[in-house]
Amino acid sequence: MPIATPEVYNEMLDRAKAGKFAYPAINVTSTQTLHAALRGFAEAESDGIVQISTGGAEFLGGQYQKDMVTGATGLAEFAHVVAKKYPVNIALHTDHCPKDKLDGYVRPLIALSEERVAKGGNPLFQSHMWDGSAETLKHNLEIAEELLARAAAAKIVLEVEITPTGGEEDGVSHEINDKLYTTVEDAVRTAEALGLGEKGRYLLAASFGNVHGVYKPGNVVLRPDLLKDLQEGVGARFGKESPFDFVFHGGSGSTEEEIATALENGVVKMNLDTDTQYAFTRPIADHMFRNYDGVLKVDGEVGNKKTYDPRSWGKLAEAGMAERVTAACGHLRSTGTRLK
């Protein structure tokens, strides 16, 4: 199937909300990790989301110039071609973008989609994330209003992060402390500024103790039940039941119980990066250790071209990551839910 149209993406999100499941949002940094994500979704018979962070886009842009827009655009265009060979709907998304990178990443990408839509086409990406968690909530929401207006006009969904997620991702870091919990007042202010759909659709990355990366048990205290408080508090204020479409950040290593609670409370998208990175890299490490004298020209020997050919270990890496994506679909209840 082709990359999801705006209409299909909205239907995907609506079905997830109603069915209390979520789509894994898989970070990719290459055409090969893209194929791994697509394969994992296809094997799970689940639609899904593929996303590119600022660091991933810079890497994709090549080490000669490290241009984020070039990297993101190149992979998105590639995805529009190859996704047609997979029997699932895929939405393209850009991950965390802080204020100092907006002009070099999200705003130019929105402009590209504006041009495509003006010509009667569909946007290049189906959604973009604005990460204003390092700003005051007032300033965060002012920028979000501007971006939401442009996104809505270009048929794009905006994702906003209103309060911090702990840990570090692509240079954006926050301490692990009691500030990692969004309050009902934070959510009310968000609804007042951005509306509840009438100004454009947005996904909300609220904080309930989330931390990027993987930490040992006990270091992170997740409270996914907090999302219910936000839904009910804002819902009562504005007369709309379950008003938010939530995003679960820092989900690697979460328990199945924590995930289930988050799904019951309106999470429709859950980011995975750390776990899928490991799932991709682990088979490569195994291959290199098992074929040490083949991948290296040891003691003047010539090695074994079949073992150092990137295709030999690349196929293993793709399979490993695809398996982890398929497992994520099971955890998030999206297995077998693809739109026909």
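Draft legend 1. Main features of the pairing of strand β2 (residues 48–52). Burial within β2 is extensive, with five of its five residues counted as buried. Covered by surrounding structure in β2 are G48, V50 and I52 together with I49 and Q51, the residues of both alternating faces. By the bridge criterion, three bridges tie strand β1 (residues 23–27) to β2 in an arrangement that is parallel. For I26, the partnering residue across the bridge sits in β2 and is V50. What joins β1 to β2 is helix α2 (residues 31–44), and the crossover it makes is right-handed.

Draft legend 2. Here's a closer look at the packing of aromatic side chains. In this structure the tally under the stated criterion is three aromatic pairs. When the ring of F21 is compared with that of Y23, the centres are 5.4 Å apart and the planes differ by 85 degrees; the resulting orientation is edge-to-face. Given the relative accessible area of 6%, F21 is considered buried. Between F208 and F248, the aromatic rings sit 4.9 Å apart at their centres with planes inclined by 70 degrees, giving edge-to-face as the arrangement. Highlighted residues: F208 in the loop between β8 (202–205) and α8 (226–238) and F248 in strand β9 (residues 246–248), separated in sequence by 40 residues.

Draft legend 3. The arrangement of the environment of G294 in detail. Note on placement: G294 falls in helix α11 (residues 292–295). C-alpha separation for the pair G294 and K306, spaced twelve residues apart in sequence, amounts to 8.1 Å. Excluding residues within four positions of it along the chain, G294 makes contact with G303, N304, T307 and Y308.

Draft legend 4. Structural view of the confidence of the model for the protein chain. On average, residues of the protein chain carry a pLDDT of 93, and 92% of them reach 70 or more. Low confidence marks residues 171–177, where pLDDT is under 50. Its contacts with residues over four positions away, or in another chain, come to 17 contacts.

Draft legend 5. Looking closely at unusual backbone geometry. Positive phi, normally seen in glycine, also occurs at K66, with a value near 55 degrees. Among the structural elements, K66 can be located in the loop between α3 (54–60) and α4 (68–82). Take K66: its relative accessible area is 39%, and that puts it in the partly exposed class. A positive phi angle is found at R333, which is not glycine, with a value near 70 degrees. Tracing the backbone through its elements, the reader meets R333 in the segment after α13 (310–331).

Draft legend 6. Geometry of the packing of α2 against α13. Between α2 and α13, the shortest axis-to-axis distance is 7 Å and the interhelical angle comes to 45 degrees. By the angle class used here, α2 and α13 are oblique. In this structure, the crossing between α2 and α13 has a hand that is right-handed. Here Q32, T33, H35, A36, A37, R39, G40, F41, E43 and A44 of α2 lie close against α13, whose contacting residues are G314, K315, E318, A319, M321, A322, V325, T326 and C329. Of the residues belonging to the contact of α2 with α13, the class tally is nine nonpolar, six polar and four charged.

Conventions and cut-offs
Residues numbered from 1 in each chain as written. Predicted model: local features only at pLDDT ≥ 70, side-chain atom pairs only at ≥ 80, totals over all residues. Heavy atoms only, no water. Buried < 20%, exposed > 50% of the residue type's maximum accessible area, 1.4 Å probe, protein only. Helix = DSSP H or I, 4+ residues; strand = E, 2+ residues; numbered from the N terminus. Pairing = 2+ DSSP bridges. Right-handed = clockwise from strand over helix to strand, strands pointing away. Phe/Tyr/Trp six-rings, centres within 6.5 Å; stacked < 30°, edge-to-face > 60°. Contact = heavy atoms within 4.5 Å. pLDDT = per-residue confidence, 0-100. Axes fitted to C-alpha atoms, helices over the stretch in contact; angles between N-to-C directions. Parallel < 35°, antiparallel > 145°, perpendicular 65-115°, else oblique. Left-handed = near helix turned anticlockwise from the far one by under 90°. Nonpolar A, V, L, I, M, F, W, Y, C, P; charged D, E, K, R; others polar.

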